[in-house]
Amino acid sequence: MNDFLFYIIVALVKIVIIANMILITVSYLVYFERKISAWTQNRVGPNRVGYLGLLQPFADVLKLLLKEDIVPKVANKFIHSMAPFIALFVAFTTYAVIPFGPSITLWGKEIPLMMADVNIGILYVLALTSIGVYAITFAGWSSGSKYSLLGGIRSSAQMISYEISMGFSIAGVLIFSQSLRPMEIVIAQHGWMWNAVLQPVGFLTFVVAAFAETNRLPFDLPEAEPELVGGYHTEYSSMKFAAFFLAEYANMIIGSAMIVTLYLGGWQFPYVETFGFSPAVTIGLQVGAFFVKMGALLFFFIWVRWSIPRFRYDQLMNIGWKVMFPLSLLNLIWAAILAMIMK
Amino acid sequence: MSGTVPKKRLKDLSFWQKIYVPEIIKGLSQTLKQMFQPSFTMEYPEVKFDPPASYRGRPVLVQEENGIERCVACGLCSRVCPALAIEVQAGETEREKERYPEKFEINMLRCIFCGLCEEVCPEEAIVMSKDYEIVFTNRADALYGKDKLLTPIAKLQDRINFLRQYKG
Ligand code: SF4
Ligand code: SF4
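Because the structure is predicted, anything quoted here is derived from the model rather than measured.

The next subject is the layout of surface pockets. Using a probe with the size of a water molecule, rolled over the atoms, empty space left in the structure can be pinpointed. Its boundaries defined by the atoms lining it, the largest pocket holds a volume of some 1200 Å³. At the level of secondary structure, the elements contributing two or more residues to the lining of the largest pocket comprise α8 (200–213), α11 (279–305) and α12 (313–342) of chain A together with α1 (15–18) and α2 (21–35) of chain B. Ranked by residues supplied to the lining of the largest pocket, first place goes to α12 of chain A with eight residues. Taken together, the residues of the lining of the largest pocket break down into 24 nonpolar, six polar and six charged.

In structure tokens form, the structure reads like this:
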């Protein structure tokens, strides 16, 4: 019984920490998006609210909260208000299975540094991200606006095309880890045995698919401003819009966390055991390594957004089916051969 | 002629361009380079733009050193103003020029900063200043009378020199 209580408390503490971490990261991600875009365009970026504009995200949220919530007359009210929360739900629950550190031992009990150490973690992520498509499709369909509808349709077509190459790239990773448990995938990448090093092609296809899954430029066709006004969230305002906004950035964090977990060795800090630090410091370094890798990837996401123009829709489909799909298949074969040789 | 120039099409991309990745890396490095360049932003309320002499800001009346306006209330500016922003009422004085504007009003809600008033004025009495901070909170305040329009000539020398050089 005591054990049970202990694990519940631990789980609650972990949930509170992780949820807050996500929210804060998201707000500063928005801030850094604006700052980095400013830097690439030789501007200054937000610098008025608070020191260096650091309070800007909070001012933005406050502004959105105070806005009027407009629902179009022809919208399907129920689905229209449900869609943003599906998006948020998916964005936040996916974190549950991402390990950000090795297991630690507290009071004689082993606690993995992740919310839930499920043995089908990767499947769980894939399933949830596919539900995420519903949020966008519902939002597009229920708004009763042609721009939104087009955005929603584009999004579902895009997700279907890219989920395939994503799945095949992940299969390459699973060959090495022999497990769907994220913790084991990370442990399988000890030292420099990072999957990004072993299967660079798979890494590339997965990163591209992750960009497509998170609807980030150059794959942000569902919300292509010049063609679709705002795409699926054209008819959203106030907090519902904020929910989509939040979900997009939360998805970016998941995307990079997934890339780190699957390809960049997760929390592994190569050869940290040989430095001879105390176990606590080692764990600290490993958790730090995870966040540094994730931060670098987030920077990469933003950097790409401000460098590469959007694809045309047919190009997007061409790349998805004719390039990414065969490449991920090739990678799967390569991974299989490599695994056989290394055995 | 222009129709006969063959369009240059980049259909024959090289292999490296076709596989796309090197080109992306090129683009990324370009933006990365830009991140470390100084920014061009002028942070407005603290740093103010100092316009060149050719800048057309708020039209003002020239006030000579002795405190008298140059305007002789001929009404040409009012006549030429495409936005019908100027109202002039003439009065008589004992001074050499005999006429002066009793009332001179520019409706800043109407003015479109075209500079035609300045161009038409025979006395070089109305010129465009460098003032671009034009703020009012109600319609009545938008009517700029002589008190706001009269500006010492010293402040406008820049523009007057410019006009002498290029006008006409
Ligand atoms: S400003 Fe010039 S054009 Fe206008 S009334 Fe006076 S003298 Fe005439
Ligand atoms: S600048 Fe043009 S619009 Fe303005 S007062 Fe002069 S003539 Fe009228």
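Picking up where we left off.
Residue and element names in this part refer to chain B. Spatially, the three strands line up as an open sheet ordered β4-β1-β6, and their pairing is mixed. Two strands in the sheet have a free side with no partner beyond their single neighbour: β4 (126–128) and β6 (150–152). In this sheet, neighbouring strand axes are inclined to one another by 55° on average, regardless of whether the strands run parallel or antiparallel. As paired elements, strand β1 (residues 59–63) and β4 share three bridges and run antiparallel to each other. Bridging from a neighbouring strand, Val60 pairs with Val127 of β4. Packed onto the sheet, helix α6 (residues 153–166) meets β1, β4 and β6 and runs at close to 90° relative to β6.

All names here are of chain B. With the rule as written, the count across this model stands at 19 salt bridges over all chains. Of the charged contacts, one joins Asp131 and Arg58 as a salt bridge, the two residues approaching to 2.9 Å between their closest N and O atoms. Highlighted residues: Asp131 in the loop between β4 and β5 (143–144) and Arg58 in the loop between α2 and β1, separated in sequence by 73 residues. The exposure class assigned to Arg58 is buried, which follows from its relative accessible area of 11%. Salt bridges sharing common partners tie together Glu64, Arg70, Glu124 and Arg164.

This brings us to the interface of chain B and chain A. In this assembly, 18 residues from chain B lie in contact with 17 residues from chain A. Summed over both partners, the interface of chain B with chain A comes to about 1400 Å²; 64% of that surface belongs to carbon and sulfur atoms. Where chain B meets chain A, there are two salt bridges. For the pair chain B and chain A, the number of links is nine residue pairs in polar contact (both at pLDDT 80 or more). A class-by-class count of the residues in the side of chain B that touches chain A yields nine nonpolar, seven polar and two charged.

This next bit is on empty space enclosed by the protein. Residues and elements named next belong to chain A. In total, this model carries three cavities of 30 Å³ or more according to the counting rule given. The computed volume of the largest cavity comes to approximately 330 Å³. What lines the largest cavity is a set of 25 residues, among which Thr129, Met159, Glu213, Thr214 and Asn251 lie closest to the centre. A class-by-class count of the residues in the lining of the largest cavity yields 17 nonpolar, six polar and two charged.

Attention now moves to the environment of Glu96 of chain B. Residues and elements named next belong to chain B. Mapped onto the elements of the fold, Glu96 is located in the loop between β2 (86–92) and β3 (99–107). The class for Glu96 is exposed, based on a relative accessible area of 80%. Separated by 70 residues in sequence, Glu96 and Lys26 place their C-alpha atoms 73 Å apart.

Reading the values: rules and limits
Residues numbered from 1 in each chain as written. Chains lettered and ligands numbered in written order. Predicted model: local features only at pLDDT ≥ 70, side-chain atom pairs only at ≥ 80, totals over all residues. Heavy atoms only, no water. 1 Å grid on protein atoms, 1.4 Å probe; cavity = no way out; pocket = protein on both sides within 12 Å on 5 of 7 lines; lining within 4 Å. Points joined across faces, edges and corners; volume = space filled by probe spheres on them. Helix = DSSP H or I, 4+ residues; strand = E, 2+ residues; numbered from the N terminus. Nonpolar A, V, L, I, M, F, W, Y, C, P; charged D, E, K, R; others polar. Pairing = 2+ DSSP bridges. Axes fitted to C-alpha atoms, helices over the stretch in contact; angles between N-to-C directions. Contact = heavy atoms within 4.5 Å. Salt bridge = Lys/Arg side-chain N within 4 Å of Asp/Glu carboxyl O. Buried < 20%, exposed > 50% of the residue type's maximum accessible area, 1.4 Å probe, protein only. Buried area = accessible area lost by both parts, 1.4 Å probe. Polar contact = N/O pair within 3.5 Å; in protein donor to acceptor, adjacent residues only side chain to side chain.

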